[in-house]
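Secondary and tertiary structure notes
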Amino acid sequence: MSSPAKGLELARPFRRLTWDEAIRRYGSDKPDLRFGLELTDCSTLFRDSAFQVFAQAVAQGGAVQALTVPGVGFSRKDLDDLVERAKLAGAKGLVWVRVADGTIQSPAARHLEAVREALLARTGARPGDLVLLVADRMPLAATVLGRLRVELAHRLALIPPAVHEILWVVDFPLVEWNEEERRWDAMHHPFTAPRDADAEAGLTDPGAARAKAYDLVINGQEIGGGSIRIHSRALQQRVFELLGIGEAEARAKFGFLLEALEYGAPPMGGIAFGLDRLVALLAGVESIRDVIAFPKTQKGTCPLTDAPAPVSPGQLKELALELVVPRSAPEPPAGA
């Protein structure tokens with residue numbers, strides 16, 4: 001398949017990865033496949049390990065994920081920076097391992113010695129390589145390393161120029177757990193259809209349910225996404241219940257939709273493309289602001305129209321809104 005816009009030859013059919021496989025292998029639901037650096041699951045090595053930090057993570061249902069970076073000569077400051085970046089990404093920490101001839105160097109070397117040979121065999125690490133380990137719940141452990149994977153690929157110039165890797169990512173989770181509010185949230189939107197097998201099972205295992213949702217990814221960037229929508233009244237109500245939306249609330253908010261489904265709405269779906277992102281990729285620029293006619297600034301203002309503009313009192317009155325200007329904090333008393 002040839003692209004007339006840029007003269008690219010695109011192999012068809014495009015590659016496909018399930019969401020689970022993309023997270024497991026690359027730590028991202030929009031993986032960049034122009035370079036290697038796949039993740040490795042090392043959980044079984046630490047299940048009964050004396051390294052309690054890792055063993056406890058596995059015992060609590062988490063995982064130990066590894067990223068092997070070939071032939072890097074990072075300083076201790078570089079490695080400490082990677083640890084901090086992992087923490088900023090949400091991990092509790094990161095363990096780095098330098099591989100030398102017949103030995104390893106790491107702040108946790110004495111804890112890893114018992115599994116050293118198995119760890120090197122599992123990760124394929126050779127002398128001169130660096131192994132990064134994160135022990136945490138999934139998918140967090142993988143996504144943290146997924147971010148470092150991309151950063152290191154850019155830093156070490158591992159991404160070949162003029163290469164375009166396109167793939168479909170399919171079978172996204174139907175819902176994701178909201179730890180703060182202790183409930184399920186829709187991964188895409190509450191009208192996304194689950195796979196037939198999950199629907200037939202009554203969505204009894206919400207965390208394992210997968211959706212008829214899909215993204216198109218080029219070079220690690222999502223350029224399009226969509227889904228098949230629910231067309232069954234009973235199934236839509238079941239999904240609402242799963243998300244904590246009762247029948248009365250569903251009727252109040254989505255009564256028009258539920259009524260339409262009762263009349264037998266046909267299956268439907270689609271996909272929406274981010275044309276600005278696609279044009280940026282074709283133009284070879286990093287930011288979509290380079291290809292937008294009148295790009296907004298990072299502060300959300302428009303240099304062309306000076307938006308946002310002040311709102312008049314008449315407009316506020318019409319919408320029954322009131323602007324409340326926060327008061328500045330009072331001065332502390334003398335001597336405080």
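Figured I'd write up the structure that's included with this text. Sequence order sets the numbering: in each chain, residues are counted from 1 along the sequence as written. Predicted model: local features are reported for residues with pLDDT of at least 70 only, side-chain atom pairs are reported and counted for 80 or more only, and whole-chain, interface and lining totals are derived from all residues. With hydrogens and water excluded, all non-hydrogen atoms of the structure serve as input to the side-chain values.

1. Description of the overall build of the protein chain
Only DSSP runs of H or I with at least four residues qualify as helices, and only runs of E with at least two residues qualify as strands; both kinds are numbered from the N terminus onward. When helices and strands are counted, the protein chain shows twelve helices and 14 strands. Along the three orthogonal principal directions, the C-alpha set of the protein chain runs to about 75 × 70 × 55 Å. Summary of the burial criterion: residues with accessible area below 20% of their type's maximum are buried, those above 50% are exposed, and those between are partly exposed, where the area comes from a 1.4 Å probe applied to protein chains only. Taking all 336 residues of the protein chain together, 39% fall into the buried category. Across the protein chain, every contact between residues at least 6 apart in sequence was considered, and the portion connecting residues at least 24 apart equals 64%. The Shrake-Rupley method, run with a 1.4 Å probe, gives the accessible areas here. Residue values count only the displayed protein chains as cover. For the protein chain, the accessible area works out to roughly 19,800 Å², and carbon and sulfur atoms hold 54% of it. Positive and negative side-chain charges in the protein chain, numbering 39 and 43 respectively, have mean positions lying 2 Å apart. Contacts between residues were defined by any pair of non-hydrogen atoms, one from each residue, lying within 4.5 Å. Only four residue types enter the tally: Lys and Arg on the positive side, Asp and Glu on the negative side, with His and both chain ends excluded. Taken as the charge location is NZ of Lys, CZ of Arg, CG of Asp or CD of Glu.

2. Some remarks on helix 9 (residues 233-242)
Taking burial as the measure, the ten residues of helix 9 include seven buried ones, the bulk of the element. Of all the positions in helix 9, only Arg233, Leu235, Gln236, Gln237, Val239, Phe240 and Leu242 are classed as buried. Residue Gly244 follows helix 9 closely and has a positive phi angle near 80 degrees.

3. Describing the sheet that holds strand 5 (residues 63-69)
Pairing in this open sheet of five strands is antiparallel, and the strands run 4-5-8-6-7 from one edge to the other. Edge positions in the open sheet fall to strand 4 (39-41) and strand 7 (103-105), since each of these has one partner strand only. Adjacent strand axes in the sheet meet at a mean angle of 30 degrees, parallel and antiparallel pairs treated alike. By the bridge criterion, four bridges tie strand 6 (residues 95-100) to strand 8 (residues 130-136) in an arrangement that is antiparallel. Paired with Arg98 across the two strands is Leu130, which belongs to strand 8. A strand pair is defined by DSSP finding two or more bridges across the two strands. Here an angle of 0 to 180 degrees is reported between the N-to-C directions of two axes, which are lines fitted to C-alpha atoms, with helices fitted over the stretch in contact.

4. Quick notes on the sheet that holds strand 14 (residues 269-273)
Strand order in the open sheet made by the five strands is 3-9-12-13-14, with mixed pairing throughout. Because the sheet does not close on itself, it has two edges, and the strands there are strand 3 (15-18) and strand 14. Strand-to-strand twist of the sheet, defined as the mean angle between neighbouring strand axes without regard to direction, takes the value 20 degrees. Where strand 12 (residues 213-218) and strand 13 (residues 221-228) come together, six bridges link them in antiparallel fashion. The residue bridging Leu216 from the neighbouring strand is Gly224, located in strand 13. Sheet contacts for helix 1 (residues 19-26): strand 3 and strand 9 (166-170); angle to strand 3, the most-contacted strand, approximately 90 degrees. Where helix 11 (residues 275-283) meets the sheet, it contacts strand 12, strand 13 and strand 14, and its direction lies at approximately 145 degrees from that of strand 13.

5. Side note on unusual backbone geometry
Across the chain, the bulk of peptide bonds are trans and the bulk of non-glycine residues have phi less than zero. Looking along the chain, the bond that leaves Met138 and enters Pro139 is cis, with omega of 10 degrees. Positive phi, normally seen in glycine, also occurs at Ala162, with a value near 55 degrees. Tracing the backbone through its elements, the reader meets Ala162 in the loop between helix 7 (140-155) and strand 9. Judged by relative accessible area, Ala162 falls into the exposed class, the value being 75%.

6. Here's the deal with the pairing of strand 13
A loop of two residues connects strand 12 with strand 13, the two strands running antiparallel in sequence, and Asn219 in this loop sits at a positive phi of about 50 degrees. Bridge count between strand 13 and strand 14: five bridges; the pairing is antiparallel. Bridging across to strand 14, Gly226 finds its partner in Ile271.

7. Quick look at the nonpolar core
Of all hydrophobic cores here, the largest spans 55 residues; its most connected members are Leu67, Leu82, Leu94, Leu130, Leu132 and Leu145. A per-element tally of this core places helix 7 first, with eight residues. Ignoring anything within four residues of it in the chain, the contact list for Leu67 reads Leu37, Glu38, Leu39, Leu130, Val131, Leu132, Leu145, Leu148, Arg149 and Leu152. Only buried Ala, Val, Leu, Ile, Met, Phe, Trp, Tyr and Cys residues count toward a nonpolar core, and they belong to the same one when joined by side-chain atoms within 4.5 Å. Among the nonpolar cores identified, the runner-up in size contains 22 residues, and Phe54, Val58, Val99 and Leu112 belong to it.

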